[in-house]
Each structure stands twice: as structure tokens, then as C-alpha cells.
Amino acid sequence: MFSYCLIDIFMSEYHLNNEDHEALEKFTKFFLVKSAQIIIQSRLGERKTTKSKPICSGTEWFHLSIKDIPEVTVNAKKCISDNKLLIDSPYVPFCVEISLRTPERDTMTLETWCISFDDAVTDQTQRVRFNIYNRMSTVLRSLLCCTRSTPTYQLSRKQSPDKYIICYRMYSGEPLVNHLGEHYLKKTIGSILTPIGRFVINVAYRTRLTISPQHEQQSYNLGLDIKDNHFTSGHRQTNFPTIDDDGSTGGYNDAQLPSEQNGSVPKSSPIEMMKRRHTSYDSEVSSSHGTPDKVYFSKLRTAFGPIINGTPHTLSEPLSPFSRNNNNNSNNNSDSELLMSQQDQQRQQNDKQMEQEVNRSQSNLYITGANDETAPDDFILVEVKPFFGKSDSTDDLAVFIRSCQQPPMLESFIIEPSLGETINQLSEELLVFESKVEEFDQLVSTLENNNNE
Amino acid sequence: AVEGRQIDEVVSCMFHTILFHRCVGKYHTKGEDSYSVGTLGYTDVDCDFIDCTYLHVTSQELQRAVAEKISQFHDALRSSDTARSGQITLEFYQKKKQRWVFSPESVPWEIWTVKIELMQLSNENERQFIREKLTDSLSERIFQITEIINRPDYVPKPSHLSELDLVFDTTFVDIQPYLFTISFSLDGPQNLSVGLAMRRLIKDAFGTSL
């Protein structure tokens, strides 16, 4: 229960005493965690409702009912604890980055939220346990309102695994805004003066989404455009701070954000949102109710494909997709566990099948890789367990059943003659038929005679 | 400038954003000088006629009180034959005790005014265009509101627990907003009295227009 007396006979000093400093440290930690919760929860793609409680239980900070997603709290605390406190020099900012990810594993950074602290402006009249705490509450409310007012919010409400999903990343360091494209906008959400410095929350968000030519089809479905040069070196899509060849992380367009170019970005430990139990792109995120839900990345066709080396989105990248289709909420846990085990089986299956292909002459039964004409083990593999046969799917009976279920493509569908060839072929066939008209007539007459008899 | 059907959502979006900042948790006094503060919840609301989502304090009482006033403004504006525009005001005030038997005086300390101009659109293209513009404009207004609220301006504080109702509206069960009132007026020919004119002058001097 957060109770205190109105009459405070101990006036604040011009510098923080130990007690106040400890209180400020504690408030700061929770302020950062709650900010991260607000930002990330607003990008889950669903409406939020929390109850007003006339009597608080003592667990709610800043008099606001914000339910915590445990994973976000853990990751935020880890990110904060990896570096010095925000209020201690060198005042390393805390950032939350929101990005969009398509089924083709393309990502686009949409916005960067930054909480910074500087000692340029102070106000010794601010009391930690009353003024600053209440100011933090006000700024968090502003953050709640403003997270609904950027374009990313509407995008996040329309996300789905087959179109795009919204991901997040937390790091300590200068905010990266160079991959927000041209004409990104910056807004200040609020600031809090303390006796030793000032907190400021800013957001920089993308305003233009233009597409690269090879993704036109997806862009039509997405309703998004990604710039042609978006993924070139000038706008590198890295998911954690890296150092360019020239030692800088790219130029910043604006000096108003606390984004001074240092030449090297602090190596914040990338936050892994999920446990990677599988080498595809399954991820585990927590819903707003605190129960883990699993993103159906595995529903993406490419999640089952081979890993493409050289893309900026290899498995080693700690991208943290967290949101998911609302329709998958209720059945995610059990379904995805089954799905993961099936994926493991499929991989073993594929390996064995590859061996069989080499050994057998009729090797067109199983086509792995990116062949779009047949998709034998396309999505979910259900292991064949034939009656009276071995449970092992390498058994002849099982193989036979599978071959019947997935017959090879007919040659006429594989080799498609051109229109000219088809016409020529038809002409030739007509000539042959015309030359044998008498034979056809004789055949028909024998049939008639047989019927009469 | 908005269409008639968008009035409620536009005004609700702005007023609820303001009220969310000008509201505290319910106070529970424990003894003479100590108290505990309740917790504020929030609820997202999707607009139907603009591509916008705003949030309000989770309180049915507050929602009802605000919706009622906005609805009255909506009806008055749309049913008026002469007025095509009007303004609706959200005013925060505090009560100051008077001497003797006089009732406490209400002194406004923050006034937010939203001016609405009705427009009639002829086709769907125009409607879509206006809808997009309005969405962008509303988002800008939200940022503007948060910027104004985060300024170090005057916010009244009760000097003692017994004087909470001079600053806060303590009639709500689950929350405690600052004392506020919503009023509106339609543009057009009106009979102005001296008193009304002076009141407007003072309000304009202190008020914040959106």
C-alpha cells in the first residue's frame, strides 16, 4: 500500500540524499519497465482494457493498472541491468524499437522509442517521493495515449502471420533512427525534471513505406511499400547495433534526439524474446494475460524451407517477434507443441527421403526444397502408420501409400508446349484422323451390327 | 471541420485523453493525515468513422457523464437550422471557500475548447479524403494535448484531506477526476449580456484552444 503523509516537514535538499537517490533509482527502474510494457503491449494488435481499482493492492506502480507481460519485464530488467543506471553517468538511454516482419523475412523498422536522461536541466524543488513519482505517472499516461496515435498502431492492429507481424527489440544505447527512412518524424512524449537531471521520452517513427520491385506482390497484399534501397548498406537492416566499415553506424539526420554519433554503438546484449526450440522461426511470446502464446511463424511457407545464407535475417539474429494473430490465442500452446514435434519428424523424414531418392530409380516421389510444382511435405507432416506394417515410415508399405497419396506430376503438366506447337500438333492429328475416316466408319458399323445382334 | 457523424468520436477522443491525465485514483483516507490512492485502469476505444483509437479511464460513470454532454452538443449542432459550427469546452475548476454563508466560488484553472465546423460531403472520395485528413489531424492533437499537459503549469493541490472536494470530484466510485464541467455553444447570432461577455473574456485569457 503506497501511503504517505501530506504534511512533509522535511524539505528536499539541493542534492539528493542517499535515501532519495535510492528511491529515484527504484522509481527509474520501474518507470523504464512500465514504459517498455506500455509500448510493447500497444503493438500486440489488440485492444486493451484494465480495471480501475478504488483500493490498490500495492503491486501497481504509478497508480496505473498496467498488467505486465513477464517476458517483457524480464528482458527489460536484463537490458537495464547490463548497463549502468540511466540516472548515472554516462546516462545511457534505453530504447525500444518496433519493426515489421513479413513472411519472406523482410523487416522494416517502424519506430524507435527512447527514454533518456541528462543533467543539463534540473529542478531542486522536485521531491522524489511525491512530485517525481506523480510526474512519472503523468508521462506514462501520455505514453499510453501517444502509442495509439502513431501510424504503427493501426498497422499493428492489422497484423497477421500471413501478412506481417510486428516485432520489438530493446537495447541500451543511442537510438538508431537511420533505418526509419527519409522524413521520419520525431515527437516528445513528456519530460520529468528531477533535482539531478531530466528524463525525456521521445519517439521517432517512419512516415514512408515504399516497396522494392521484387516484393510487389506481397506489397499489394500488405498495402505497404518498401523503398527500393531500403535494404542496401545505407539503410542496413540490422537487428542489433553494429559497426559499419567506416566505424560509424550511419549518419543521423537530426540532432534533437539524443542520438549523437559516437562511432560505435554500445554492444547491448540482444534481447531474445523466445526460446528457440526449433531452428525455424517459431517464437514464443506472451499475451497480455501473461500466458505464453506461440507465434505461428511456422505457418509461413519459408519457415520450412532451407535457411538462406547471407540474408540479414539469419537464425543467429535475436529478432524478437512477439505479437501474433488474435485467432490463435486459445489453441496455441498445445497446437504449436505438436507442430514443433511434427517439424522435427519432418526434418528426419526429409533426410531419409533424400537417401531413398538416391537409392531408388523412381525418385520423383519426394521433392524437397523450393519446388513449387509438388509439395509433398509442404506444411504439416502426418506420419504414415500403415496397418500390418512397420511403424517406421521407411517401410515399403508406408512408402507405397505415400506414393499413391502423392503421385508425380503428369508430364503433360510439366512440359507445356507453346500455342504454336499445340496448334501444329492438332493439325497433324486432324490430318491423321481424316486419312483414316473409312476405318472409323467400319468400326462404328461393326458396333451397330453387334448391338443389333 | 468534420461530418456530423464524426462529432462524437472527435470530441470524445480529445476530451478523454485530457481527462485521463486529469484524473487520479480514488483516495481512501486512513486517519487524519494519511491516505492511499487507488489505481486507474484504461480502455481502448476504436472509432467507427475515423481511423483512430483512443483510450479513456475505465469508469462507466465518467464515460456516461462525458458521453451525455457530447451527445447534447451533437444534437444541438445537427438540429440547428442556422448554426453550422459550434464549440464545446472542457473546463477544470477548483472551489474556493467564501466567507460566511456564501457558497464556494468556482474558479477555472484550465479550459480546453474544441471548435467544430460541420461539413457536408458530396461523394465517397471526398469522405475518404476527409477521413484520412481527420485521422492525421487528430493524432497531431493527441501529441499536442500531451505536450501541453506535461508543461509545468498550475495544477491545484488540496491543502488538507478534508478539502479534497474543493479540487476533486469525489462523487465517482472508482476514480477521482479533478472537478470539471462540459459546456457548449453554437456559433451564430446570440444575445450577449455584459456578464456573459466578461466571463468569455476571462475564459479566453486563461483558456487553451484546440
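Residues numbered from 1 in each chain as written. Chains lettered and ligands numbered in written order. Predicted model: local features only at pLDDT ≥ 70, side-chain atom pairs only at ≥ 80, totals over all residues. Heavy atoms only, no water.

Under an unreviewed UniProt entry, the name given to chain B is Autophagy-related protein 101, and the organism recorded is Didymodactylos carnosus.

Under an unreviewed UniProt entry, the name given to chain A is Autophagy-related protein 13, and the organism recorded is Didymodactylos carnosus. Chain A has a UniProt comment under Sequence similarities (unreviewed entry) that states "Belongs to the ATG13 family. Metazoan subfamily." In its Subcellular location (unreviewed entry) section, the UniProt entry covering chain A states "Preautophagosomal structure". (UniProt positions renumbered as here; feature names shortened; annotations may be inferred.)

Draft legend 1. Up close: a nonpolar patch on the surface. Residues and elements named next belong to chain A. Together, Leu430, Val432, Phe433, Phe440, Leu443 and Leu447 line one region of the surface with nonpolar side chains, adding up to about 570 Å² of accessible area. Those elements that place two or more of their residues in the nonpolar patch are α9 (419-435) and α10 (437-452). Judged by relative accessible area, leucine 447 falls into the partly exposed class, the value being 47%. (Patch = residues over 30% accessible without salt bridge, like charges linked within 9 Å, V, L, I, M, F, W, Y side chains within 5 Å. Areas by Shrake-Rupley, 256 points an atom, 1.4 Å probe, with all protein chains shown as cover. Salt bridge = Lys/Arg side-chain N within 4 Å of Asp/Glu carboxyl O. Helix = DSSP H or I, 4+ residues; strand = E, 2+ residues; numbered from the N terminus. Buried < 20%, exposed > 50% of the residue type's maximum accessible area, 1.4 Å probe, protein only.)

Draft legend 2. Spatial organisation of the environment of glycine 41 of chain B. Along the chain, the position of glycine 41 of chain B falls in the loop between β3 (34-37) and β4 (42-46). When the C-alpha positions of glycine 41 of chain B and serine 59 of chain B are compared, they lie 8.1 Å apart, and in sequence the two are 18 residues distant. Apart from the residues within four sequence positions on either side, glycine 41 of chain B is in contact with Thr50, Lys51, Ser52 and Ser65 of chain A together with Phe20, His56, Val57 and Thr58 of chain B. (Contact = heavy atoms within 4.5 Å.)

Draft legend 3. Just the pairing of strand β2 (residues 94-101) of chain A, in detail. All names here are of chain A. Of all eight residues in β2, eight are buried, a share of seventy percent or more. Neither face of β2 is exposed, since Phe94, Val96, Ile98 and Leu100 on one face and Cys95, Glu97, Ser99 and Arg101 on the opposite face are all buried. Adjacent in sequence and paired antiparallel, β2 and strand β3 (residues 107-118) are bridged by five residues, among which arginine 105 carries a positive phi angle near 70°. Bridge count between β2 and strand β4 (residues 165-172): eight bridges; the pairing is antiparallel. (Pairing = 2+ DSSP bridges.)

Draft legend 4. Fine view of helix α3 (residues 124-149) of chain B. Residue and element names in this part refer to chain B. Between its terminal C-alpha atoms α3 stretches 37 Å, which fits the 38 Å expected from 26 residues at 1.5 Å a residue. Three or more residues of α3 are buried, namely Ile130, Leu134, Thr135, Leu138, Ser139, Ile142, Phe143, Ile145, Thr146, Ile148 and Ile149. Between a side-chain oxygen at the N-terminus of α3 and the backbone nitrogen of asparagine 125 the separation is 3.0 Å; the capping residue is asparagine 123. (Expected span 1.5 Å × (residues − 1). Polar contact = N/O pair within 3.5 Å; in protein donor to acceptor, adjacent residues only side chain to side chain.)

Draft legend 5. Structural context of unusual backbone geometry. Residues and elements named next belong to chain A. One non-glycine residue, histidine 63, lies in the positive phi region at around 60°. Turning to its location among the elements, histidine 63 is positioned in the loop between α1 (18-41) and α2 (70-81). You can call histidine 63 buried: its relative accessible area is 8%. You will see that histidine 183, though not glycine, has its phi angle at about 55°, which is positive. Examined against the element boundaries, histidine 183 turns out to sit in the loop between β4 and β5 (185-194).

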